[in-house]
Structure formats: structure tokens, C-alpha cells
Amino acid sequence: MNGGRETEIKSLEYRASRCRRGIIRMIRSGGAGHMGGAMSCMDIITALYFHTLDVDPENPKKPDRDRFILSAGHKCMAQYAALAERGFFDASFLDTYGKLGTRLPGHPDMAKLPGIEANTGALGHGLSISVGMALGLRASGLKSRVFAVMGDGELPEGSNWEAVSAASHYGLSNLTAFVDANGLQISGRTADVMNMAPHEARFEAFGWAAVTIDGNDMDEIVRTLDRLPFDPARPSAVIARTVKGKGLAFAEDNAAYHYWKPKEEELAAAERELDDAIRRKEVF
Ligand SMILES: Cc1ncc(C[n+]2csc(CCOP(=O)(O)OP(=O)(O)O)c2C)c(N)n1
Ligand SMILES: [Mg+2]
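Residues numbered from 1 in each chain as written. Chains lettered and ligands numbered in written order. Predicted model: local features only at pLDDT ≥ 70, side-chain atom pairs only at ≥ 80, totals over all residues.

Within the protein, the regular secondary structure consists of 10 helices and 7 strands. At 18 Å, the protein has a C-alpha radius of gyration in line with the 19 Å of a compact globule built from 284 residues. Judged by the C-alpha coordinates and their principal axes, the protein covers about 50 × 45 × 45 Å. Across the 284 residues that make up the protein, the buried fraction comes to 49%. In the protein, the share of contacts with a sequence separation of at least 24, taken over all contacts with a separation of at least 6, comes to 77%. (Helix = DSSP H or I, 4+ residues; strand = E, 2+ residues; numbered from the N terminus. Rg over C-alpha atoms; globule rule 2.2 N^0.38 Å. Buried ≥ 20, exposed ≤ 12 C-beta atoms within 10 Å, placed from the backbone. Contact = placed C-beta atoms within 7 Å.)

Turning next to the sheet that holds strand β6 (residues 209–214). Strand order in the open sheet formed by 5 strands is β1-β2-β3-β7-β6, and the pairing between neighbours is parallel. Edge positions in the sheet fall to β1 (67–70) and β6, since each of these pairs with one other strand and no more. Across the sheet, the mean angle from the axis of one strand to that of its neighbour is 20°, orientation sign disregarded. Two elements, strand β2 (residues 146–151) and strand β3 (residues 175–181), share 6 bridges in a ladder whose sense is parallel. Within β3, the residue paired with F147 across the bridge is T176. Here helix α9 (residues 218–225) sits on the sheet in contact with β6 and β7 (236–241), set at roughly 165° to β6. (Pairing = 2+ DSSP bridges. Axes fitted to C-alpha atoms, helices over the stretch in contact; angles between N-to-C directions.)

We now examine the site of ligand 1. Surrounding ligand 1, one finds 19 residues, the nearest of these being G37, L123, G151, G153 and Q185. Class assignment of the residues belonging to the shell around ligand 1 gives a composition of 5 nonpolar, 10 polar and 4 charged. (Near = placed C-beta within 6 Å. Nonpolar A, V, L, I, M, F, W, Y, C, P; charged D, E, K, R; others polar.)

A separate point is the packing of helix α3 (residues 42–52) against helix α4 (residues 76–86). It is at 10 Å that the axes of α3 and α4 come closest, and there the two elements cross at 30°. In this structure, α3 meets α4 at a crossing whose hand is right-handed. For the pair α3 and α4, contact is made by M42, I45, T46, Y49 and F50 and by A78, Q79, A82 and R86, respectively. Split into classes, the residues belonging to the contact of α3 with α4 amount to 6 nonpolar, 2 polar and 1 charged. (Left-handed = near helix turned anticlockwise from the far one by under 90°.)

At their nearest, the axes of helix α1 (residues 3–30) and helix α10 (residues 264–281) sit 9 Å apart, and the two run at 165° to each other. If you check the angle between α1 and α10, you find them roughly antiparallel. Seen from above, α1 lies across α10 with left-handed handedness. Here K10, E13, Y14, S17, R18, R20, R21, I24, I27 and R28 of α1 lie close against α10, whose contacting residues are L267, A270, E271, L274, D275, A277, I278 and K281. Among the residues making up the contact of α1 with α10, the classes are represented as 8 nonpolar, 1 polar and 9 charged. (Parallel < 35°, antiparallel > 145°, perpendicular 65-115°, else oblique.)

Secondary-structure assignment places G188 in strand β5 (residues 188–189). Classification of G188 by C-beta neighbours within 10 Å gives partly exposed; the count is 13. Sequence-wise, G188 and L53 are 135 residues apart; in three dimensions their C-alpha atoms are separated by 33 Å. With residues up to four places along the chain from it excluded, the contact list for G188 reads V193 and A255.

Turning next to the nonpolar core. In this structure, I23 and A78 are the most contacted members of the largest nonpolar core, which totals 79 residues. If we ignore the near neighbours within four places in the chain, the residues touching I23 are M35, A38, M39, M77, A78 and A81. (Core = buried A, V, L, I, M, F, W, Y, C linked by C-beta atoms within 7 Å.)

For α9, the full list of buried residues reads M218, I221, V222, T224 and L225. For α9, the arc enclosing every buried residue in end-on projection is 160°, short of the 170-degree limit, so these residues lie on one face. Where α9 is buried, its residues contact α1, α3, β6 and β7. (Arc of directions from axis to C-beta.)

Attention shifts here to the pairing of β6. Pairing of β6 with β7, which is carried by 6 bridges, proceeds in the parallel orientation. Bridging across to β7, A209 finds its partner in S236. Read as a crossover between parallel neighbours, the route from β6 over α9 to β7 is right-handed. (Right-handed = clockwise from strand over helix to strand, strands pointing away.)

So, about helix α5 (residues 126–139). With 14 residues, α5 should reach 20 Å at 1.5 Å per residue; the first-to-last C-alpha distance of 20 Å fits that figure. Of the residues making up α5, those classed as buried are G126, L127, S128, S130, V131, M133, A134 and L137. Looking at the buried residues of α5, the elements they touch are β1, β2, α6 (158–169) and β3. Just downstream of α5, G141 is the residue with a positive phi angle, here 75°. (Expected span 1.5 Å × (residues − 1).)

See below:
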């Protein structure tokens, strides 16, 4: 890495740590939340918001913006943390999570919060929404791109494969789907619940250009984002191997932390661990 690039990667890692701390801040507010899956995709979402997406917090509806769709809506604390860090709203909003009247509900609501493009949470629909958006943007002559983040436990939903087929049929090179492949879903290992491996070959077989990366390695994420589209005539899929609960040693790769309702001591320990991570990564 050259100096400028190395500084950018360090800065993105620092941002991701701050966002992970934001997730725990929301859990302190609400008392519980989908922690594991928010933590696993945090590096991808940070890189998107701080390296790739053409979005403007001052003008969140500008027509030629890039679109980000969190198909796995239960991971929304990751998006809320990134939106706050990027300046879409004041970080104090995070302290309303889980409270009556909050604009940060347990699954994202486009009518409530700037920067949310679609209501998601019923798994298996975000990619169809993304395909429609990518088609519409292209038909309007806009250069905007669409980025979707899906869970690996979401892939068995049949609607995804209709969307995957349509994206390939229409050659949607302005569409990228990330699979947050943390190997776990709500009730255990994805390979045991419904095995959709091999992910990369499956997307390729449906006509996409697919790669597999370490989705918690910021340098690799950024290098991958900079190569998009992988093929000028096909949609791109990034199978991002991640660790559920990433950033909190006690929660990593453990399905028990899918939805976390911590005791006070556990919450305080999580806050300490992430505060330490931020201090270690401070670059400014
Ligand atoms: C259609 C539908 N079925 C079931 C659920 C309940 N549900 C919420 S999260 C989840 C697990 C999803 O697993 P994955 O996509 O791997 O996300 P992760 O747990 O890794 O964050 C399930 C089954 C849902 N939200 N929508
Ligand atoms: Mg998963």
C-alpha cells in the first residue's frame, strides 16, 4: 500500500470501530437488538458509505445518488451507525433506538429516516427492489449505481433467485450485491439450516460476475469496490466472508448473539472493548 492509501484504510477501520460502538450505543438505548449480523457487515457498510457511495447528507434525495439497499433489514443498526457517522442525522438519534416514536425502528423505514431507500426486514425482497431501481436508473440515463447487502441465511428465499435471474437477463452492471457470508443465521449454521454453498459458483451460474473476499478486511473490501463492475455487461456479486459479532471477542461466530439482550455488566464490557478498539485505531 502507498502512504495515501494506507492512511485511508486506517481511517476507514477507525470509522468502522466508531460505528460498532454506535451499535452498542443503540443497544444501550433499546435494551436489545440484532447485534451479531450488524457487526459482521459493519466493515462493508463503512467502506460503502465512506469510500464508494455517491450520496450527500445535505441532499439525501438527489436524483443521481447511488442507492444502498439493506435487504437483510434486521442488520439496520449497522446502517444507522454509518448514516450518523456520515452526517445524515445527529448521533444523538442513536439514543432513541428501541424507544417509542423513534425514527430508528428495529427494521429500516424510508418514511422515517433520511438515507433509507426502502423498507426491508421481510427477508428475500431487497434484491428485487434493487433490480427494479437499477433498471429504472439505467432507463433514466443516470449513472447511479445500486448496492444491496444480503444475509447468507436470506439466500434460500426463492424470490432472490428471480431477482438474480432478471439482473443477469437485463445485464445490470450498475448493480452489486454483497452477501454477508457470516456462516450463521438466526438458529444456527447456514450450512445446516439450508446449505446454499457454493455461493460464488451459484451467482456465476445465474450469469453474474462473482468474487469471494474477506469481508472484515478493509483493504480487501476497498480493492474489491474499486474493481466494480467486475464485468461491463453483468451484475456483480461479492461473497464477503465475515464473522458474526465481529469486534466483540465473546460474541464472535456465536449464533446466541444474533439478537442480544445484554445484562448491564455485559453491555459495559462491550462498551469497554470497543472504546479500546477506537483508541487503538485513532488516526486523526
Ligand atoms: C421472510 C423472513 N423470514 C424470517 C425472518 C426472521 N429472521 C430474521 S433475521 C433471520 C436470520 C437471517 O440470517 P442471515 O441472513 O444470515 O442474517 P444474520 O443472522 O447473519 O445477520 C431470520 C430468519 C425474516 N425477517 N423474514
Ligand atoms: Mg448470516
